[in-house]
Amino acid sequence: MNKERLVPLIVAAALFMENMDSTVIATSLPAIAADIGASPLTLKLAITSYLLSLAVFIPASGWTADRFGARSVFSAAIVVFMIGSIGCALSSSVTDFVIARTLQGLGGAMMTPVGRLVLLRSIDKSALVSAMAWVTIPALIGPVVGPPLGGFITTYFSWHWIFLINIPVGLIGIFMAQRYIDPIRSDNPERFDLYGMMLAGLGVGGIAFGLSVAGLNLLPWTVVTALIGTGSVSMALYVMHARRTDQPALDFTLLRLPTFRASIYGGFLFRVGVGAMPFLLPLLMQVGFGLSPFGSGLVTFSSAVGAIGMKTLAARIIRAFGFRNIMTVNAVVSSVFLAACALFTVTTPLLLIMIILVVGGFFRSLQFTAINALTYADVEPERMSRATTLASVNQQLAISAGVALGAFSVETTMLFRHDTELTAGDFGPGFLVVSVLSAMSTFYFMRLPADAGHQVSGRRTVVISDPTRESEAEEEASRETVTARDQRIS
């Protein structure tokens, strides 16, 4: 197998591990909670701690790869992720589980971004579109296979085994990386912003963790308030520090770009809904409707099927209508399908539920494709790594906030209804809250200029200066535009 296919498949192994793990645990959460003596809402700390660890350590991934070599960091990250997976399988308490998930997050924070860096440094740009296709397809298998596989293992074997299915994949990935990836590193890495990393990490950690435990009665309100307050102060100090630093850990000056700003702010609100869905939906299916983990997985994987179906059409739709039109309308459409989950009852036919999830996943995938492509439309090449870092942190925080907000809404509903145990009726308000927030993202997208991101979507107008070569120039421009569009959007 040639390098243009082999290297992407090695990187895809890491993406497959992370995607598989995230979807499997969501389906098996109720069974894990029952076995270790915790409530499902309390065990959501296992999800938020993983996402929080990702958000805190992602900013260091680029510098670490430049300093120690992308191949070495990539392999080490897989090892750390595997150790965390084994720790999850051996956990007997919420504390053990949260620590193991945090370790997994540390590995994931280095594994995925550095994996993409390995791909960019190993593959010639002329073959990058094909290489990205090889990476994307295996990565999409995880969300599809994860729910039913996790449910099958939990129902017919034991939940402990769901964290061990990635071990063989990780071992193969390490072996292949060490043998076939070149040990490339930067000759002149940037200065590491240690002070900025500490402030940003403390700020992100305090705010996200404080919000995640609020309403669960795990900590006194004074402690929760102190966590959120400390995190807010740390982020304020970081913003002041970043203004005086040439190479900050998180470069907020990128928000001056209209397309990047809309993608960050609007993307955050939209992702809140998607971050809550993998947590709320399996709980509704299992605790509310009484389905087995396997049955729940067969239902919830429908959303991923719709997402994969959109991948073949997203580029054509965005090219036809443009970013602003698609993102403004589709944010509302996607939120409507998310809100429809609030109408699910025990008597709702499973076939109807699956149809709604498939169609909703279709439109959510289109929105994510547009957001991800637009993020880097106007970013200069020399600032691309900083843009990727900030966008990755924003994405992880949004998903974490969605999980926290969804659980808080369910807990509040139980309080008002005086319920002592979770029922199907407790989930409706949670779906409605996150769907409203997702719909609010449309206000950021509708403020974009009409031609926003046209150079990425393929709608760019080409001016021909030499009439004698008009036909040849049009053909060449068309090929370049399509290549640029596919490369960005894929």
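Residues numbered from 1 in each chain as written. Predicted model: local features only at pLDDT ≥ 70, side-chain atom pairs only at ≥ 80, totals over all residues. Heavy atoms only, no water.

Draft legend 1. Quick peek at the overall build of the chain. Scanning the chain from N- to C-terminus turns up 20 helices and zero strands. Scored against the burial criterion, the 490 residues of the chain give a buried share of 53%. For the chain, the share of sequence-separated contacts (at least 6 apart) that also reach a separation of at least 24 residues comes to 83%. Accessible area of the chain: about 21400 Å², with a carbon and sulfur share of 65%. (Helix = DSSP H or I, 4+ residues; strand = E, 2+ residues; numbered from the N terminus. Buried < 20%, exposed > 50% of the residue type's maximum accessible area, 1.4 Å probe, protein only. Contact = heavy atoms within 4.5 Å. Areas by Shrake-Rupley, 256 points an atom, 1.4 Å probe, with all protein chains shown as cover.)

Draft legend 2. The arrangement of helix H13 (residues 314-321) in detail. Regarding H13, the residues found buried are Ala314, Ala315 and Ile318. Relative to the axis of H13, the buried residues are bounded by an arc of 95° and lie together on one face. Phi turns positive, to about 85°, at Gly322, one or two residues after H13. (Arc of directions from axis to C-beta.)

Draft legend 3. Focus on the side chain of Arg101. Within the fold, Arg101 resides in helix H5 (residues 94-122). With sequence-adjacent residues up to four places away left out, Arg101 is seen in contact with Asp21, Ile25, Ala46, Ser49, Tyr50 and Cys88.

Draft legend 4. Region of interest: the confidence of the model for the chain. This prediction gives the chain a mean pLDDT of 77; 80% of its residues lie at or above 70. Across the chain, helix H18 (residues 442-445) holds the top mean pLDDT of 92, while helix H20 (residues 470-489) sits lowest at 49. Counting contacts from residues 461-471, a segment whose pLDDT is below 50, to residues more than four positions away or on other chains yields four contacts. (pLDDT = per-residue confidence, 0-100.)

Draft legend 5. Quick peek at the environment of Val80. One can find Val80 in helix H4 (residues 70-89). Note: C-alpha distance between Val80 and Leu106 (26 residues apart in sequence) is 7.3 Å. Once you skip the residues sitting within four places of it in the chain, Val80 turns out to touch Leu103, Leu106 and Gly107.

Draft legend 6. View of the pattern of salt bridges. The final tally for this structure, using the stated rule, is one salt bridge. Among the salt bridges present, the one from Arg417 reaches Asp426, with a minimum N-O distance of 3.7 Å. (Salt bridge = Lys/Arg side-chain N within 4 Å of Asp/Glu carboxyl O.)

Draft legend 7. Geometry of the packing of helix H10 (residues 258-288) against helix H15 (residues 350-375). Where H10 contacts H15, the two axes come as close as 10 Å, and the packing angle between them is 155°. For the element pair H10 / H15, the angle class is roughly antiparallel. Both H10 and H15 take part in a crossing whose hand is left-handed. Counted together, Thr259, Phe260, Ser263, Gly267, Phe270, Arg271, Val274, Met277, Leu281 and Met285 of H10 and Ile353, Leu357, Arg364, Gln367, Phe368, Ile371, Asn372, Leu374 and Thr375 of H15 form the full contact between these two elements. Each residue belonging to the contact of H10 with H15 can be placed in one class, and the counts come to 11 nonpolar, six polar and two charged. (Axes fitted to C-alpha atoms, helices over the stretch in contact; angles between N-to-C directions. Parallel < 35°, antiparallel > 145°, perpendicular 65-115°, else oblique. Left-handed = near helix turned anticlockwise from the far one by under 90°. Nonpolar A, V, L, I, M, F, W, Y, C, P; charged D, E, K, R; others polar.)

Draft legend 8. Main features of the packing of aromatic side chains. Per the stated rule, a full pass over the model turns up eight aromatic pairs. Look at Phe97 and Phe163: their rings are 5.6 Å apart centre to centre, the planes differ by 75°, and that puts the pair in the edge-to-face class. In this pair, Phe97 sits in helix H5 while Phe163 sits in the loop between helix H6 (128-156) and helix H7 (167-180), placing the two residues 66 residues apart along the sequence. Of the two residues, Phe97 and Phe163, both sit in the buried class. (Phe/Tyr/Trp six-rings, centres within 6.5 Å; stacked < 30°, edge-to-face > 60°.)

Draft legend 9. Fine view of the environment of Phe289. Looking at the secondary structure, you find Phe289 in the loop between H10 and helix H11 (293-300). Setting aside anything within four residues of it in sequence, one finds Phe289 in contact with Leu284, Phe344, Thr345, Val346, Ile353 and Ala424.

Draft legend 10. Molecular detail of the side chain of Thr328. You can see Thr328 is positioned in helix H14 (residues 323-339). Overall, Thr328 belongs to the buried group, its relative accessible area being 17%. Apart from the residues lying within four places of it in its own chain, the contact partners of Thr328 are Thr442, Phe445 and Met446.

Draft legend 11. Layout of the packing of helix H3 (residues 61-68) against H4. Direction vectors running N to C along H3 and H4 enclose 120°, while the axes themselves pass 6 Å from each other. Accordingly, the angle class assigned to the pair H3 and H4 is oblique. Here Thr64, Ala65 and Phe68 of H3 come into contact with H4, specifically with Ala70, Ser72 and Val73. Residues belonging to the contact of H3 with H4 are distributed by class as follows: four nonpolar, two polar and no charged.

Draft legend 12. Structural view of the environment of Ala14. Tracing the sequence through the fold places Ala14 in helix H1 (residues 3-36). Separated by 61 residues in the primary sequence, Ala14 and Ser75 have C-alpha atoms spaced 9.7 Å apart. When residues no more than four places from it in sequence are discounted, the contact partners of Ala14 are Phe74 and Met111.

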